[in-house]
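Residue-level listing of the chains:
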Amino acid sequence: MSSTRLFSTAALMVAALLTGCAAPRAYDYTALKQAKPRSILVLPPVNESLDVKATHSLLSHSSKPLAEAGYYVLPVALVDETFRQNGLTQADDMHAVDLKKLNDIFGADAVLYMKVKRYGATYYVVGSATVVEAHARLVDTRTGTLLWDGTASASSEEGKNNNSAGLVGLLITALVQQVLSSVTDQSHAVAGIASHRLLSVRAGDGLLPGPRHPAYADGRP
């Protein structure tokens, strides 16, 4: 093989490697920028975890990050009660309501559908971690267009490093974690972190600033 051909082959291999390692594309905000929603209806999340508290725990944390992002959020307690007064008590049934009906009743520009993927303690050999993972979709109530979607998670073990503690240290830590889990609701606190990560304005793939956010004119996090 000639040196020129060898060089060309090597160049192609390097290019392919660089392409494979390229950063993922930025989120496409075209639909969200065109719709410019001002108000959001948050439905109780569908719970896919084993903990019955997951739905209302995540729901209770959802309004603050959305409001801080610059959107008007319909009071979640009032929305939940409105559904109940009309015979809908399960999140799955609320998510199945026609968009036009939601728009007629609540008048919100967009509706937020959430799912709790994981909620509660995850156990391993010498310890446990409280993990919450959630997914969200923001949909235009007028057109049914998907405006934005995202996933976020949080864990009680973030930032901890027990590698140097030794076996005895790990066992003691595991015992302390078990006691804390039995006397406190760590999942609810972790859900707050996950909700903030999911629904806050952030670079990359988070929500864009709403009309009440200082950065709204820029249209970017």
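Rules of the game
- Residues numbered from 1 in each chain as written.
- Predicted model: local features only at pLDDT ≥ 70, side-chain atom pairs only at ≥ 80, totals over all residues.
- Heavy atoms only, no water.
- Helix = DSSP H or I, 4+ residues; strand = E, 2+ residues; numbered from the N terminus.
- Buried < 20%, exposed > 50% of the residue type's maximum accessible area, 1.4 Å probe, protein only.
- Contact = heavy atoms within 4.5 Å.
- Core = buried A, V, L, I, M, F, W, Y, C linked by side-chain atoms within 4.5 Å.
- pLDDT = per-residue confidence, 0-100.
- Pairing = 2+ DSSP bridges.
- Phe/Tyr/Trp six-rings, centres within 6.5 Å; stacked < 30°, edge-to-face > 60°.
- Salt bridge = Lys/Arg side-chain N within 4 Å of Asp/Glu carboxyl O.

Describing the overall build of the chain
- Tallying secondary structure elements over the chain gives 9 helices and 6 strands in all.
- Taking all 221 residues of the chain together, the buried fraction comes to 40%.
- Contacts in the chain between residues at least 24 apart in sequence constitute 68% of all its contacts with a sequence separation of at least 6.

Structural notes on unusual backbone geometry
- The backbone phi angle of K36 is positive, close to 50°, even though this residue is not glycine.
- Residue placement: K36 occurs in the loop between helix 2 (30-35) and strand 1 (39-42).
- Residue K36 is classed as exposed on the basis of its relative accessible area, which comes to 52%.

Remarks on the nonpolar core
- Counting 33 residues, the largest nonpolar core has V42, L112, L138 and W148 as the members making the most contacts within it.
- Going through the elements one at a time, helix 2, strand 1, helix 3 (54-60), strand 4 (110-124), strand 5 (127-140), strand 6 (146-155) and helix 9 (186-199) are the ones with two or more residues in this core.
- With 14 residues, the next largest nonpolar core counts L74, M94, L102 and V139 among its residues.

Overview of the confidence of the model for the chain
- Across the chain, the average pLDDT comes to 82, with 72% of residues at or above 70.
- In this model, residues 164-172 is a region of pLDDT below 50 whose contacts with residues beyond four sequence positions or in other chains number 4 contacts.

What about the pairing of strand 1?
- On strand 1, burial covers both faces: S39 and L41 on one face and I40 and V42 on the other are all buried.
- Sheet topology places strand 1 next to strand 3 (residues 72-73); 2 bridges connect them, and they run parallel. Residue pairing for strand 3: S39 is matched across the bridge by Y72.

Side note on the packing of aromatic side chains
- Tallying each qualifying case throughout the model produces 2 aromatic pairs.
- Pairing Y27 with Y29 gives two aromatic rings, centres 5.0 Å apart and planes at 50°, and the pair type is tilted.
- Between the aromatic rings of F83 and F106, the centroid separation amounts to 5.7 Å while the plane-to-plane angle is 45°, which identifies the pairing as tilted. A residue pair is termed long-range when its members are at least 10 positions apart, and F83 in helix 5 (residues 76-85) and F106 in helix 7 (residues 99-106) qualify at 23 residues.

Points about the environment of V139
- Along the chain, V139 turns up in strand 5.
- Residue contacts for V139: discarding those within four places in its chain leaves L99, D109, A110, V111, Y113, G144, T145, L146 and L147.

Points about the environment of L58
- Locating L58 in the fold gives a position in helix 3.
- Judged by its relative accessible area of 2%, L58 is buried.
- Sequence separation between L58 and Y119 is 61 residues; the distance between their C-alpha atoms is 9.5 Å.
- With sequence-adjacent residues up to four places away left out, L58 is seen in contact with P45, M114, V116, A134, A191 and S195.

Structural notes on the pattern of salt bridges
- In the structure shown here, the tally under the stated rule is 8 salt bridges.
- Across the pair D140 and R142 runs a salt bridge whose closest N-O atoms are separated by 3.0 Å.
- Looking at D140, the relative accessible area reads 4%, which means it is buried.
- Here D205 ties to R202 by a salt bridge, and the two come within 3.2 Å at their closest N and O atoms.
- Residue classification places D205 among the partly exposed residues on the basis of a relative accessible area of 33%.
- Because the salt bridges share partners, they merge into one network encompassing E48, K115 and K117.

Points about the environment of V201
- When you line up the elements, V201 lands in the segment after helix 9.
- Along the primary structure V201 and E68 are separated by 133 residues, whereas in three dimensions their C-alpha atoms are 8.4 Å apart.

A short note on the side chain of S187
- Structurally, S187 can be placed in helix 9.
- Here S187 falls in the buried class, since its relative accessible area comes to 9%.
- Residues contacting S187, with those up to four places away along its chain left out, are Y119, G120, T130 and V132.

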